[in-house]
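Listed here are the chains, written in short residue letters.
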Amino acid sequence: MDKLSDRVKRLGYSQTFVMSNKAREMKAAGIDVISLTLGEPDFDVPDNIKQAAFDAINQNYSHYSPVPGFIELREAVAHKLKRDNNLEYKPSQICVSNGAKQAILNVLASVINDGDEVLLPAPYWVSYDEMVKMMGGTSVMLPTSYVTDFKITAEQLEESITDKTKAILFSSPCNPSGGYYTYDELKSMAKVIAKYPHVTVISDEIYEYINYETKTTSIAQFPEIYEQTAVINGMSKAFAMTGWRIGYSACPEWLAKACEKIQGQMTSGANTMAQRASITALKTDPSEYKYMIDAFQKRRDLVYDLMKEIPGFKVVLPKAAFYFFPDVSHYIGKTLNGTEIKDSDDFAMLLLEHAHVGCVGGVSFGSPECIRFSYAASEEDLRGAMKRIKELLAPFNS
């Protein structure tokens with residue numbers, strides 16, 4: 001008798017962790033691997049946030065919090081959304097979760113029935129499709145390319161919506177492309193979505209602060225779809241708090257109550273010390289943490305200059321986040337070092353095994369012609385990685 005559920009058998013493993021684990025195994029075997037796989041800031045948590053966690057321990061914040069989070073944290077989130085995004089939310093509309101991942105799952109679990117369709121502009125974060133599967137839904141991919149800066153159009157969106165469409169899930173700024181939707185682009189999309197009140201928008205804004213050009217716009221700013229929109233954010237990227245596992249959703253009341261109901265049966269409230277520290281982080285002026293964004297921008301510019309010199313790479317300068325997502329279709333269909341390159345996953349494995357550089361293939365991002373590099377790494381490692389790749393590929397382009 002098969003003991004595993006159909007649900008778990010539908011799911012795949014996160015390709016990000018598959019490649020990072022493979023890189024770790026090679027390092028443990030004594031191989032000099034430069035891993036640019038994980039989307040994790042390489043900075044330490046700022047001291048004022050750490051001190052707030054120590055204070056919370058000493059103040060005995062060691063008991064259960066309310067399911068949607070401490071009221072003081074939800075008030076801080078509401079203040080941040082007003083200050084930075086011009087969004088009006090009450091604490092009752094906010095649910096603090098164990099990372100932004102859980103916040104997204106809460107929303108999907110609240111609105112998706114078996115067979116419902118969720119629109120995913122591709123490329124998308126690797127977990128989106130698997131999350132939709134987990135909830136019994138079906139993903140509908142909306143393809144893009146480097147030519148369109150990896151963004152869909154309002155016309156493309158409207159052509160994709162049907163009676164079976166229940167949600168659209170996207171990130172802006174985007175993991176993996178590093179692009180973001182402008183005010184005018186989101187306004188056009190909002191006009192389309194407003195025609196279809198059965199569609200819920202799930203806007204993942206976790207990379208909001210890591211933007212090198214301007215402040216990003218939240219699609220929730222457009223009043224015609226405010227009641228249809230769930231904003232997702234968290235502490236992991238801008239505050240280097242990946243391991244603290246604090247994310248949150250801001251939703252209309254009807255959806256916020258559903259998220260609280262779901263979370264109450266899954267995990268209850270998030271880690272209490274991390275919640276108290278997050279209050280301090282959100283209340284601090286964002287400029288206090290800008291040194292991290294400045295460092296990312298410097299690394300981005302470095303990698304862009306080096307990556308443009310790699311033969312066969314079609315590169316778009318990312319405007320936000322900390323990823324490059326070059327198109328490597330030049331190599332797909334070829335045999336390199338005895339390896340047939342059927343898609344970008346094969347190409348990523350080639351780079352790991354022969355150049356000893358870890359990255360993530362684009363198949364699980366919905367873009368099988370691209371690969372993702374994180375530049376949340378030292379300048380030395382970034383220079384070394386680009387040099388290794390260029391040297392590996394040079395003979396195939398001479």
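The name given to the protein in an unreviewed UniProt entry is Aminotransferase, with the source organism recorded as Chryseobacterium herbae. Reading the Cofactor (unreviewed entry) entry of the UniProt record for the protein gives the comment "pyridoxal 5'-phosphate". Listed under Sequence similarities (unreviewed entry) in UniProt, the entry text for the protein is "Belongs to the class-I pyridoxal-phosphate-dependent aminotransferase family."

Draft legend 1. Examining the sheet that holds strand S13 (residues 360-361) more closely. With antiparallel pairing, three strands are arranged side by side in an open sheet as S9-S14-S13. Strand pairing shows two members of the sheet lacking a second neighbour, strand S9 (323-324) and S13, which therefore form its edges. The pairing of S13 with strand S14 (residues 371-374) spans two bridges and is antiparallel. Counterpart to Val 360 in the pairing with S14 is Arg 372. Set on the sheet, helix H12 (residues 344-355) makes contact with S13 and S14; between it and S14 the angle comes to about 45°.

Draft legend 2. Seen up close, the sheet that holds strand S8 (residues 247-250). Pairing is mixed in the open sheet, where seven strands are placed in the order S2-S8-S7-S6-S5-S3-S4. Both edges of this open sheet fall to strand S2 (94-97) and strand S4 (138-142), since each of them pairs with a single strand only. Between one strand axis and the next, the sheet turns through 20° on average, direction left out of account. The strands that helix H5 (residues 100-111) touches are S2, strand S3 (117-121), strand S5 (165-171), strand S6 (200-204), strand S7 (229-234) and S8; relative to S7, the one it contacts most, it runs at about 160°.

Draft legend 3. A look at the packing of aromatic side chains. The full count for this structure, using the stated rule, is 19 aromatic pairs. Aromatic pair Phe 43 and Tyr 291: ring centres 6.1 Å apart, planes at 85°, arrangement edge-to-face. A residue pair is termed long-range when its members are at least 10 positions apart, and Phe 43 in the loop between strand S1 (34-35) and helix H3 (47-58) and Tyr 291 in helix H11 (residues 290-307) qualify at 248 residues. On the basis of relative accessible area, Tyr 291 is assigned to the partly exposed category, the value being 40%. Ring centres 6.1 Å apart and planes at 80° place the aromatic pair Tyr 209 and Phe 239 in the edge-to-face group.

Draft legend 4. View of helix H8 (residues 183-193). Of the positions making up H8, those classed as buried are Leu 186, Met 189, Ala 190, Val 192 and Ile 193. One face of H8 carries all of its buried residues, which in axial projection span an arc of 155°. Residues of H8 that are exposed and point over 90 degrees away from its buried face: Asp 184 and Lys 191. Along its buried surface, H8 packs onto helix H7 (154-160), S5 and S6.

Draft legend 5. H11, seen in detail. In this model, H11 (18 residues) spans 25 Å end to end at C-alpha, consistent with the 26 Å of a helix rising 1.5 Å per residue. By the burial criterion, the buried members of H11 are Met 292, Ile 293, Phe 296, Arg 299, Arg 300, Leu 302, Val 303 and Met 307. In the core, the buried residues of H11 are packed alongside S9, S14 and helix H13 (379-393).

Draft legend 6. Local environment of the side chain of Gln 275. Here Gln 275 lies in helix H10 (residues 272-283). The class for Gln 275 is buried, based on a relative accessible area of 0%. At 2.8 Å, the side chain of Gln 275 forms a polar contact with the backbone nitrogen of Phe 70. With residues up to four places along the chain from it excluded, the contact list for Gln 275 reads Ser 65, Gly 69, Phe 70, Leu 73, Val 96, Ile 246, Gly 269 and Ala 270.

About the cut-offs
Starting from 1, residues in each chain are numbered consecutively following that chain's sequence as written. Where local features are concerned, this predicted model is filtered to residues with pLDDT of at least 70; where side-chain atom pairs are given and counted, the filter is 80 or more; whole-chain, interface and lining totals use all residues. Excluding hydrogens and water, the side-chain values take into account all heavy atoms of the structure. UniProt positions are given in the numbering used here, feature names are shortened, and annotations may be inferred rather than shown by experiment. When DSSP finds at least two bridges between two strands, those strands are taken to pair. A run of H or I in DSSP counts as a helix once it spans at least four residues, and a run of E counts as a strand once it spans at least two, with each numbered from the N terminus. Residue contacts are defined here by distance: any two heavy atoms, one from each residue, within 4.5 Å place the two residues in contact. The axes are straight lines fitted to the C-alpha atoms, using for helices just the contacting stretch, and the angles between their N-to-C directions are given from 0 to 180°. A pair of aromatic rings is counted whenever rings of Phe, Tyr or Trp (Trp by its six-membered ring) have centres within 6.5 Å, and the orientation is called stacked for planes under 30 degrees apart, edge-to-face for over 60 and tilted otherwise. Residue burial is assigned from relative accessible area. The probe radius is 1.4 Å, only protein chains are included, and a residue is buried under 20% of its type maximum, exposed over 50%, and partly exposed in between. Regarding the arc, it is the one traced by the directions from the helix axis to the C-beta atoms. A helix is expected to reach a length of 1.5 Å times the quantity of its residues less one. Polar contact criterion, stated in full: a pair of N or O atoms within 3.5 Å, where within protein one must be able to donate a hydrogen and the other to accept it, and residues adjacent in sequence count only if both atoms are side-chain atoms.

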